[in-house]
Amino acid sequence: VVNEIPYAGAGVGHQVWPAAVALALFMRGACGRALIEQADASCIEVGAGLGLPGLDIARRGAARRVCLTDKREALLSALDVAVAALDSVAEVSVKPLDWMDLAAHNPGEHELVIGSDICYYDPDVLPLADALQSLAARVSLIAAPSHREAVRRLEEV
């Protein structure tokens, strides 16, 4: 169950955005399932917000391990509640992840990085690109509306 929370303290991650729904649906399809299989069933969702795509992957047992991350405490608390209510055979964890400080995460620990609607502003682009590179996953899949300038900039990096 994914419950939206107040904006205060959670920022834009307080609600489920269309890109999260699109990513969750994509991961249910043949291409998404193939990515999970290639990733040795280990997935990390960066900037998870409320965690719809990662929670869906875990609920379906599509991945053996799923790590949901965000920076804001209110979102981490909401993710903890959602994981506690989750009926899943997958190993699911919730961890803080600040793109500026990746010390708590081991490079290559997860073979698949997913994220949705996580890059709103141009100053976020380089830290996100560095974080994706530092996580050293085999595949990184970011879903976001293409009209955002930051998304176009991320494609250039």
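Description of the structure in this document. (Residues numbered from 1 in each chain as written. Predicted model: local features only at pLDDT ≥ 70, side-chain atom pairs only at ≥ 80, totals over all residues. Heavy atoms only, no water.)

**Considerations on the environment of leucine 141**
Okay, so step 1: Take leucine 141: it is sitting in strand β5 (residues 139-143).
Okay, so step 2: Taking the C-alpha atoms as reference, leucine 141 lies 15 Å from arginine 152; in sequence the two are 11 residues apart.
Okay, so step 3: Ignoring any residue separated from it by four or fewer positions in sequence, one finds leucine 141 in contact with Leu23, Phe26, Met27, Leu35, Val113, Ile114 and Gly115. (Helix = DSSP H or I, 4+ residues; strand = E, 2+ residues; numbered from the N terminus. Contact = heavy atoms within 4.5 Å.)

**Quick word on unusual backbone geometry**
Okay, so step 1: Located in the positive-phi region is aspartate 117, a residue other than glycine, with phi close to 50°.
Okay, so step 2: With respect to the helices and strands, the residue aspartate 117 is situated in the loop between β4 (112-116) and α5 (125-135).
Okay, so step 3: We classify aspartate 117 as buried; its relative accessible area is 6%.
Okay, so step 4: Here the phi dihedral of alanine 136 falls at roughly 55°; this positive angle occurs in a residue that is not glycine. (Buried < 20%, exposed > 50% of the residue type's maximum accessible area, 1.4 Å probe, protein only.)

**Observations concerning the side chain of glutamate 45**
Okay, so step 1: Among the secondary structure elements, glutamate 45 is positioned in strand β1 (residues 42-45).
Okay, so step 2: Within polar-contact distance, the side chain of glutamate 45 engages the backbone nitrogen of glycine 54 at 2.8 Å.
Okay, so step 3: Ignoring any residue separated from it by four or fewer positions in sequence, one finds glutamate 45 in contact with Gly51, Pro53, Gly54, Cys67, Leu68, Thr69, Ile114 and Ser116. (Polar contact = N/O pair within 3.5 Å; in protein donor to acceptor, adjacent residues only side chain to side chain.)

**Considering the sheet that holds strand β3 (residues 91-96)**
Okay, so step 1: Spatial ordering of the open sheet is given by β3-β2-β1-β4-β5, a layout of five strands whose pairing is parallel. Of all the strands in the sheet, just β3 and β5 have a single pairing partner and so form its edges. Across the sheet, the axes of successive neighbouring strands diverge by a mean angle of 20°, strand direction being ignored.
Okay, so step 2: Summarising the sheet, β4 and β5 pair through five bridges and their orientation is parallel. The residue bridging serine 116 from the neighbouring strand is alanine 143, located in β5.
Okay, so step 3: Along the sheet, helix α4 (residues 73-84) contacts β2 (65-70) and β3; its crossing angle with β3, the most-contacted strand, is approximately 170°. (Pairing = 2+ DSSP bridges. Axes fitted to C-alpha atoms, helices over the stretch in contact; angles between N-to-C directions.)

**Brief notes about the pattern of salt bridges**
Okay, so step 1: According to the stated counting rule, one finds six salt bridges in the structure shown.
Okay, so step 2: A salt bridge links arginine 59 to aspartate 56; the shortest N-O distance between them is 3.6 Å. With a gap of three residues between them, arginine 59 and aspartate 56 both fall in helix α3 (residues 52-59), about one helical turn apart.
Okay, so step 3: Taking the relative accessible area as the measure of exposure, arginine 59 reaches 45% and is therefore partly exposed.
Okay, so step 4: For arginine 65, the salt bridge goes to glutamate 109, with nearest N and O atoms at 3.8 Å. Note that arginine 65 is positioned in strand β2 and glutamate 109 in the loop between β3 and β4, a separation of 44 residues in sequence.
Okay, so step 5: Owing to a relative accessible area of 18%, arginine 65 belongs among the buried residues under this scheme.
Okay, so step 6: Its relative accessible area of 22% is what places glutamate 109 among the partly exposed residues.
Okay, so step 7: One connected set of salt bridges, linked through shared partners, spans Arg28, Asp56, Arg59 and Arg60. (Salt bridge = Lys/Arg side-chain N within 4 Å of Asp/Glu carboxyl O.)

None of the figures reported here should be taken as evidence of function without further support.
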